[in-house]
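A structural walkthrough
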Amino acid sequence: MDNKVRSKRHRRLAGFFVLLLLINVGCMAGGEITVASQLTREADTVNAYALSNRDRMHVASQPEQSVTPHNRMAIIIDDVGNDMKGTAEILAMPVKLTVAVMPFLPTTQKDAAAAHEKGMDVIVHMPMEPKKGKPEWLGPGAITSNLTDEEVRERVGKAIDDVPYAIGMNNHMGSKITSDKRIMSIVLDVCRERGLFFVDSRTNFRSVVGELAASKNMPPVGNDIFLDDQNSKPHIRKQMELAAKRAVDKKSCVVIGHVGHTGLNTSAVLRETVTQLQGQIEFVGIGDLVREVWDWHIAPTLPTGNK
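We now turn to the structure provided with this report. Fair warning: this is a prediction, and the values are worked out from it, not measured in the lab.

1. What to know about the overall build of the protein
Within the protein, the secondary structure is distributed over 9 helices and 8 strands. When the 307 residues of the protein are sorted by exposure, 43% land in the buried category. As presented, the protein carries roughly 16900 Å² of accessible surface, and 55% of it is formed by carbon and sulfur atoms.

Here is the structure:
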């Protein structure tokens, strides 16, 4: 009996220990499963973060989807102010242009006011002595090489006073004067004092205007292309094509056309081409271009009655 009892006890004890062992194994296994699950969850979290971080890095590495800088063109129309051929057509253009108005002529103030009312920019088209050319082509109040410093200063000031709404100036003819440092320095000084910039029409490749303007902290802006140096529609179209290409390649372009002898052809081609180019080119006033490209923000100082 004792042996049987002892045997039963041993079996019970053995069963008990087996049970304990199974419980411990189960707990250990359960613990490992729990840890594994936790590790899996943490790994998932890390992976998710890594993925989102990669996404952020990918987005950051992509170029910003900003608006492409405008391909801007500023078209200046010279010789306005004497009711020349093409003036009305230019003022009726569907895009913003710049009119360069000659001072002291019969329609100077009327044309300047009409252009301003249309939202166009107005600049003074300052007559200046050329190397060659007829004196009568200059018009009244011209800057000539025989003037004294004070006479140059006086004539520039009076011309600014005579053109309403002027925000800048460019040269009419002037191949001789724009290469003269003495005179051009005075012209630029007066323009700066009055809050006007100066556009070099570039009738002389030896012009000192850009160099002087930069030295005076003025925008060294100049003409890039003459539209109508030949009076034919095919040539003007070709020049507009060159101007459009430059506006795209360089992001901006300054061009000059004329009323008068070429006025009807120039205005006809402009109306035709600006309509075609409006989706590719932004047509701006020269003042817009000077502010955006050269950061010029000086307001013009005009006389009372000359707004």
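2. Notes on the layout of surface pockets
Roughly 400 Å³ of internal volume is contained in the largest pocket. As for the largest pocket, its lining consists of 21 residues, and the residues nearest its centre are Asp79, Trp137, His172, Met173 and His258. When residues of the lining of the largest pocket are traced back to their parent elements, those giving at least two are strand E1 (72-80) and strand E4 (166-173). When residues in the lining of the largest pocket are grouped by element, the largest group, 3 residues, is from E4. Taken together, the residues that form the lining of the largest pocket break down as 8 nonpolar, 10 polar and 3 charged.

3. Considerations on unusual backbone geometry
Phi angles above zero are rare outside glycine, and Asp79 is one such case at about 70 degrees. The topology assignment puts Asp79 in strand E1. Relative accessible area serves as the criterion here: at 14%, Asp79 is assigned to the buried category. A positive phi angle, close to 55 degrees, is found at Asp83, a residue other than glycine. Considering the arrangement of structural elements, one finds Asp83 in the loop between E1 and helix H2 (87-91). Residue classification places Asp83 among the exposed positions, given a relative accessible area of 56%.

4. What to know about helix H8 (residues 263-277)
Because each turn of an α-helix spans 3.6 residues, side chains separated by three or four positions end up pointing in the same direction. With 15 residues, H8 ought to run about 21 Å at 1.5 Å a step, and its terminal C-alpha atoms sit 20 Å apart, in line with that. Those residues of H8 not exposed but buried are Gly263, Thr266, Ser267, Val269, Leu270, Thr273, Val274 and Leu277. The buried side chains of H8 occupy one side of the element, clustering within an arc of 170 degrees when seen end-on. Structural note: H8 exposes Thr275 and Gln276 on the side pointing more than 90 degrees away from its buried face.

5. Some details on the side chain of Asp228
Counting through the fold element by element, Asp228 comes out in the loop between strand E6 (225-226) and helix H7 (233-250). Lacking a salt bridge, the buried Asp228 has Lys233 as its closest oppositely charged neighbour, with an N-O distance of 13 Å. A polar contact is formed between the side chain of Asp228 and the side chain of His258, at a distance of 2.8 Å. Polar contacts involving the side chain of Asp228 include one to the side chain of Thr262, which spans 2.8 Å. Ignoring any residue separated from it by four or fewer positions in sequence, one finds Asp228 in contact with Ile236, Ile256, Gly257, His258, Thr262 and Thr266.

Conventions and cut-offs
- Residues numbered from 1 in each chain as written.
- Predicted model: local features only at pLDDT ≥ 70, side-chain atom pairs only at ≥ 80, totals over all residues.
- Heavy atoms only, no water.
- Helix = DSSP H or I, 4+ residues; strand = E, 2+ residues; numbered from the N terminus.
- Buried < 20%, exposed > 50% of the residue type's maximum accessible area, 1.4 Å probe, protein only.
- Areas by Shrake-Rupley, 256 points an atom, 1.4 Å probe, with all protein chains shown as cover.
- 1 Å grid on protein atoms, 1.4 Å probe; cavity = no way out; pocket = protein on both sides within 12 Å on 5 of 7 lines; lining within 4 Å.
- Points joined across faces, edges and corners; volume = space filled by probe spheres on them.
- Nonpolar A, V, L, I, M, F, W, Y, C, P; charged D, E, K, R; others polar.
- Expected span 1.5 Å × (residues − 1).
- Arc of directions from axis to C-beta.
- Lys, Arg positive; Asp, Glu negative; His and termini not counted.
- Salt bridge = Lys/Arg side-chain N within 4 Å of Asp/Glu carboxyl O.
- Polar contact = N/O pair within 3.5 Å; in protein donor to acceptor, adjacent residues only side chain to side chain.
- Contact = heavy atoms within 4.5 Å.

By themselves, these figures tell us nothing about what the structure is for.
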